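Below are the chains, spelled out letter by letter.
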Amino acid sequence: MTSGAVEAARTILTSLHEVMASRSNAQAKLNTVVEVIGESLDSEVCSIYLLREGMLELFATRGLAQEAVHVTRMAVGEGLVGTIADQTGTLNLAEAAAHPDFSYRPETGEDKFHSFAGVPIVRRERAVGVLCVQHVEPRRYEEVEIEALQTVAMVLSELIHNADLIDEENAGALGSAQIGPEQLRGLTLVKGLASGAAVYHQPRVTIEHVVAEDTEAERQRVILAFERMREQIDRMANQAEFGVGGEHEEVLETYRMFAYDEGWTRRINEAIDSGLTAEAAIERVQQRTRMRMRQIDDPLLADRMHDLEDLANRLLRIVSGQIGTAASMGLRNDAILIARNLGPAELLEYDKRRLKGVILEEGSLTSHVVIVARAMGIPVLGRVRGLRGVVREGDPLLLDADQGTALVRPSPGVVEAFDTRFARNRERQAVYAGLRDVHPTTRDGTRIKVMINAGLRDDVANLNLTGADGIGLFRTEFQFLVSATLPQREKQTRLYRDVMDAAGDRPVVFRTVDIGGDKTLPYLRHDDGEGEENPAMGWRALRVALERDALLKVQARALLEAAAGRPLNVMFPMVAEPWEFDAAKAVFEGQLAWLRGQKKVLPDAIRYGVMLEVPALAEQLDLLAPKISFLSIGTNDLTQFLFAADRSNPKLAERYDWLSPAILRFLRRVVRMLDGTGVDISVCGEMGGRRLEALALLGLGIRRMSITPAAIGPIKELVGKVDLAEITTAMEGWLASPPLDLRAEMSAWAAQRDIHVD
Ligand code: PEP
Ligand code: MG
């Protein structure tokens, strides 16, 4: 703001402060406001239009005919006033009638006025009215005056809200019409359909007080907030989860740049000087930047704008003390969560009954937040560019993760069509539910074991719902992720016992904790407190467990006690060398010996197994095989290591295909190496839950899969249509001389046999 604008705004604000504090009614206040503004800006006309019943109604005016008050009404998008509301933008015209949207209203007597300037009155990012000035002399208003008007519009927004002058619900509806429906495209991360209102994971702050009582105090508040925000950004940059390079680093660099930008702090301070509160000043500056940026059509800049929005919102949350995420405030209706990215623990904080879908600007197929969402049955769309620029808090959304799209502010016709698809989807689900008691067997008579992946207590219900053969992967770290502190042994025992009770005769494979990577625990920090460069390849899973062996000992005791009198299956993650398996097993055996010494009831039998996730292990499988009872291939991690492609990096989300000959040949080799050793082999990565990939796995000799519960029905259906001998031969041919596009080739092969694979 220029010093002139500061002065002009301050003069108006001082007068407005008195008006607002006065005991007169809202209409009288508005009447005074238009006088004050008109006078200060030396404008013959000053008018306020407010939204009522979806129309912009003239509520108060100085200079136009008083008979027009509460009579002149404009639709949103109609005339200059309607255009300002429609676009939440400013107009500054020397000759109003020359503008293509000008609509003459004779009852107002405005024909003698030439120049026109108007700004939207915004509440919760939506225009709820328009403030405008007009002048006889044809002249463009100066920037100073426009800025003063914009500041005043903020104050008006508070006055209007406090006086209940507009129907805010209606404003929401108007907001939808205002910017119309839009379609977003992204990458399907978890299939499914959902509808609900947009909820920002990091909610936007609602500003309650605009005019400051004590300017110096407001200035101090902003200084403190900036300090805290800078600390947060610096800390984030040092955190493991952000240390993975790529987009995160770029984003943080930009954040840092904005956070330390002196121009930004100066503009906020100037806005405070003009009489605004710290919150209003931040928002005021942001509004101005938003309006300027809207005129620049550059996607790169638009991205940076989102970063700045993010940061301004963070600053607002700090200054106003509204610091929780949307989860901490609770969801009130069916919601679709909007975020740049999320951690698995953050997602788990949400009320499952209300959370219907997630849309992320980033995200990748095998990141753990997506795995958790899949387990929760929540559709997720990722890699949606410009998401936060299009969707506003509360916007109605239809998420069609099957098609990789989301509709923002859909029209009624679209909602109806979507409902039809919803119904069809439900029918399909009913068909899958009907397969509950079917034991999946191939056409040539081989029984295929399909089990579920689980990790939360509630997941276990899926065993009965799907009729799965057991739990092939129980991710024990999920309990750690949802706790604020390290779960005590008794708590662990209770969970494991409950899970085994619920599973009955069906096997449960408990994987020991796999923390680190994208599953960070705030309460388990590294010794050196520093973030890791490459957490997925860093100090995680068994590497943590063997070094902090107290953790593994506690878990071993909890598992052994929970399995008293019944069989126990223990699986170690991220084993790279056979000795790691030996060391981990020794921890269990040590605990077993202790329990035996205490004359406790022991498990009937203990089967030890490993996950094959690190390619190096494949080179020593012959040495490991005699020691283990089973091996489960974790294709999520295995793929990232085979391709050297971070599974959480959104830029690589679509780069490598599970149906690549490299992966398939690798899997075939592992299957062959274990052939005849008596080691049970299975696949528990996300790959197995996708039909075409599952078909490939069957062709490679995999007879046991552990998959996300929602995939059990589709995979059972698939198994019933497959002739194993036929797919095995076909796979041999494809791997001997791989076609350019194996996915396309296999899809065609399946289609010819009436096997549905999508
Ligand atoms: C895997 O890596 O494939 C796996 C199943 O384990 P997680 O996804 O939990 O790392
Ligand atoms: Mg893994």
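Please refer to the structure higher up on the page.
The rules behind these values
- Residues numbered from 1 in each chain as written.
- Chains lettered and ligands numbered in written order.
- Predicted model: local features only at pLDDT ≥ 70, side-chain atom pairs only at ≥ 80, totals over all residues.
- Heavy atoms only, no water.
- Axes fitted to C-alpha atoms, helices over the stretch in contact; angles between N-to-C directions.
- Helix = DSSP H or I, 4+ residues; strand = E, 2+ residues; numbered from the N terminus.
- Parallel < 35°, antiparallel > 145°, perpendicular 65-115°, else oblique.
- Contact = heavy atoms within 4.5 Å.
- Nonpolar A, V, L, I, M, F, W, Y, C, P; charged D, E, K, R; others polar.
- Donors = N, O, S within 2.8 Å, 3.2 Å for Na, K, Ca; no water.
- 1 Å grid on protein atoms, 1.4 Å probe; cavity = no way out; pocket = protein on both sides within 12 Å on 5 of 7 lines; lining within 4 Å.
- Points joined across faces, edges and corners; volume = space filled by probe spheres on them.
- Expected span 1.5 Å × (residues − 1).
- Buried < 20%, exposed > 50% of the residue type's maximum accessible area, 1.4 Å probe, protein only.
- Arc of directions from axis to C-beta.

A. The packing of helix H26 (residues 691-700) against helix H29 (residues 742-752), seen in detail. At a closest axis distance of 11 Å, the pairing of H26 and H29 adopts a crossing angle of 85°. With respect to their mutual orientation, H26 and H29 come out roughly perpendicular. From H26, Leu692, Glu693, Leu695 and Ala696 reach across to H29, where they touch Arg743, Met746, Ser747, Trp749 and Ala750. Grouping the constituent residues of the contact of H26 with H29 by class yields six nonpolar, one polar and two charged.

B. Molecular detail of the coordination of the magnesium ion (ligand 2). Glu613 (OE) and Asp637 (OD) make up the full set of protein donors to the magnesium ion (ligand 2), lying at 1.9 to 2.0 Å. Placement of Glu613 in the loop between strand S19 (606-612) and helix H22 (615-618) and of Asp637 in helix H24 (residues 635-643) is noted, with a sequence separation of 24 residues between them.

C. Focus on empty space enclosed by the protein. A complete count under the given rule lists five cavities of 30 Å³ or more for this structure. The computed volume of the largest cavity comes to approximately 120 Å³. Looking at the largest cavity, it is lined by 14 residues, and the ones nearest its centre are Tyr49, Met74, Val81, Ser103 and Glu110. Here the element with the most residues in the lining of the largest cavity is helix H3 (residues 79-87); it accounts for three residues. Considering only residue class, the lining of the largest cavity consists of seven nonpolar, five polar and two charged.

D. Up close: helix H18 (residues 489-503). The terminal C-alpha atoms of H18 lie 21 Å apart, and with 15 residues this matches the ideal 21 Å at 1.5 Å per residue to within 8%. Taken together, the buried positions of H18 are Gln492, Thr493, Leu495, Tyr496, Val499, Met500 and Ala503. The arc that holds the buried residues of H18, viewed along the axis, is 165°, so those residues lie on one side. Against helix H16 (461-466), strand S16 (471-475), helix H17 (477-482), strand S17 (508-511) and helix H20 (549-562) lie the buried residues of H18. Just beyond H18, the residue with positive phi is Gly504, at close to 60°.

E. Layout of helix H13 (residues 368-376). Within H13, nine of the nine residues are buried, leaving the element largely enclosed by the surrounding structure. If you check which residues of H13 are buried, you get His368, Val369, Val370, Ile371, Val372, Ala373, Arg374, Ala375 and Met376. Looking at the residues trailing H13, positive phi occurs at Gly377, about 75°.

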